[in-house]
Amino acid sequence: MNSYIVNFITYSFAMVGFLLTVLFIYKKSVNITEGQNKKNFLQVETSLRISPVKTIYVIKAGNEKFLIAGDTANTTMLAKLENNITDEFETEEQIKEANSVVEFAPLRKLLKIGRS
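Everything in this summary refers to the structure shown in the same document. Along each chain, residues carry numbers from 1 onward, in the same order as the chain's sequence is written. Totals for whole chains, interfaces and linings use every residue, but because this is a predicted model, local features are given only for residues with pLDDT of at least 70 and side-chain atom pairs only at 80 or more, for both listing and counting. Water and hydrogen atoms were dropped before computing side-chain values, which therefore reflect all heavy atoms in the structure.

A closer look at the overall build of the chain
Moving on, step 1. Summing up its helical and strand segments, the chain has 4 helices and 4 strands in all.
Moving on, step 2. In sequence order, the chain lays out its α and β elements as α-β-β-β-β-α-α-α.
Moving on, step 3. Residue burial in the chain is summarised as follows: out of 116 residues, 14% are buried.
Moving on, step 4. The contact criterion used throughout is that any non-hydrogen atoms of two residues lie within 4.5 Å. Intrachain contacts of the chain at a sequence separation of at least 6 include 14% that bridge at least 24 residues.
Moving on, step 5. For every accessible area listed, the method is Shrake-Rupley and the probe measures 1.4 Å; residues are considered covered only by the protein chains on display. Carbon and sulfur atoms provide 60% of the accessible area of the chain, an area that totals close to 10,100 Å². Secondary structure counts use DSSP, requiring at least four H or I residues in a row for a helix and at least two E residues in a row for a strand, with both numbered from the N terminus. Accessible area is worked out with a 1.4 Å probe on protein chains only. A residue is then buried under 20% of its type maximum, exposed over 50%, and partly exposed in between.

Structure, rendered in structure tokens:
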């Protein structure tokens, strides 16, 4: 009688251990594939802090880019960006020069529109 109880407990623990191992492997494989898809879809291209609590972000979602303003209270989409600056220039130096010449008047206008 004691041998049956010992065998039952041994096989029960072995089965529970096997099921937990299979569940662990399944969870790890699902998280890896979901993490790879999400990681490539949404990215912060660049950000600009305009005050201690306000920041402007360029967010890339798939093949589209958006200009988004965020602060402690809310987040606002300012504009959908149409042109990719890297398509217009060939070298990184040209891109840096173009970025340094950016005027902030249109951006300030967008920020005023976003506040109202």
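Next comes the rest of the description.
Re the nonpolar core
Moving on, step 1. Definition used in this section: a nonpolar core is a set of buried Ala, Val, Leu, Ile, Met, Phe, Trp, Tyr and Cys residues joined via side-chain atoms within 4.5 Å. Counting residues in each nonpolar core, the largest one holds 6 residues, listed as Ile 56, Val 58, Leu 67, Ala 69, Leu 78 and Ala 79.
Moving on, step 2. Elements that contribute at least two residues to this core include exactly β2 (55-61), β3 (64-70) and β4 (75-81).

Comments concerning the pattern of salt bridges
Moving on, step 1. Any carboxyl oxygen of Asp or Glu that lies within 4 Å of a side-chain nitrogen of Lys or Arg is treated as forming a salt bridge with it. Tallied over the entire structure, the rule returns 2 salt bridges.
Moving on, step 2. Where Lys 65 meets Glu 45, a salt bridge forms, and the shortest distance between an N and an O atom there is 3.6 Å. With Lys 65 in strand β3 and Glu 45 in strand β1 (residues 42-49), the pair connects residues that are 20 residues apart, well separated along the chain.
Moving on, step 3. Of the charged contacts in the structure, one is a salt bridge between Glu 64 and Lys 80, with a shortest N-O distance of 3.1 Å. Residue Glu 64 is found in strand β3, and its partner Lys 80 is found in strand β4; the two are separated by 16 residues along the sequence.
Moving on, step 4. With a relative accessible area of 37%, Glu 64 lands in the partly exposed category.
Moving on, step 5. The exposure class assigned to Lys 80 is partly exposed, which follows from its relative accessible area of 39%.

Observations regarding a nonpolar patch on the surface
Moving on, step 1. A cluster of nonpolar side chains, Met 1, Ile 5, Phe 8, Ile 9 and Phe 13, forms an exposed patch at the surface whose accessible area comes to about 620 Å².
Moving on, step 2. Residue placement: Phe 8 occurs in helix α1 (residues 2-41).
Moving on, step 3. Judged by its relative accessible area of 60%, Phe 8 falls in the exposed class. Nonpolar side chains (Val, Leu, Ile, Met, Phe, Trp, Tyr) are joined into patches within 5 Å and like charges within 9 Å, using only residues with over 30% relative accessible area and no salt bridge.

What about the pairing of β1?
Moving on, step 1. Relative to β2, β1 runs antiparallel, the two sharing 7 bridges. Across the sheet, residue Thr 46 finds its bridge partner in β2, namely Val 58. DSSP calls a pair of strands paired once it identifies at least 2 bridges connecting them.

Topic: the environment of Lys 60
Moving on, step 1. Assignment of secondary structure puts Lys 60 in strand β2.
Moving on, step 2. With near-sequence residues (within four places) excluded, Lys 60 lies in contact with Phe 41, Leu 42, Gln 43, Glu 45 and Lys 65.

Focus on the side chain of Thr 55
Moving on, step 1. Along the chain, Thr 55 turns up in strand β2.
Moving on, step 2. Ignoring any residue separated from it by four or fewer positions in sequence, one finds Thr 55 in contact with Ser 47, Leu 48, Arg 49, Ile 50, Ile 68, Ala 69 and Gly 70.

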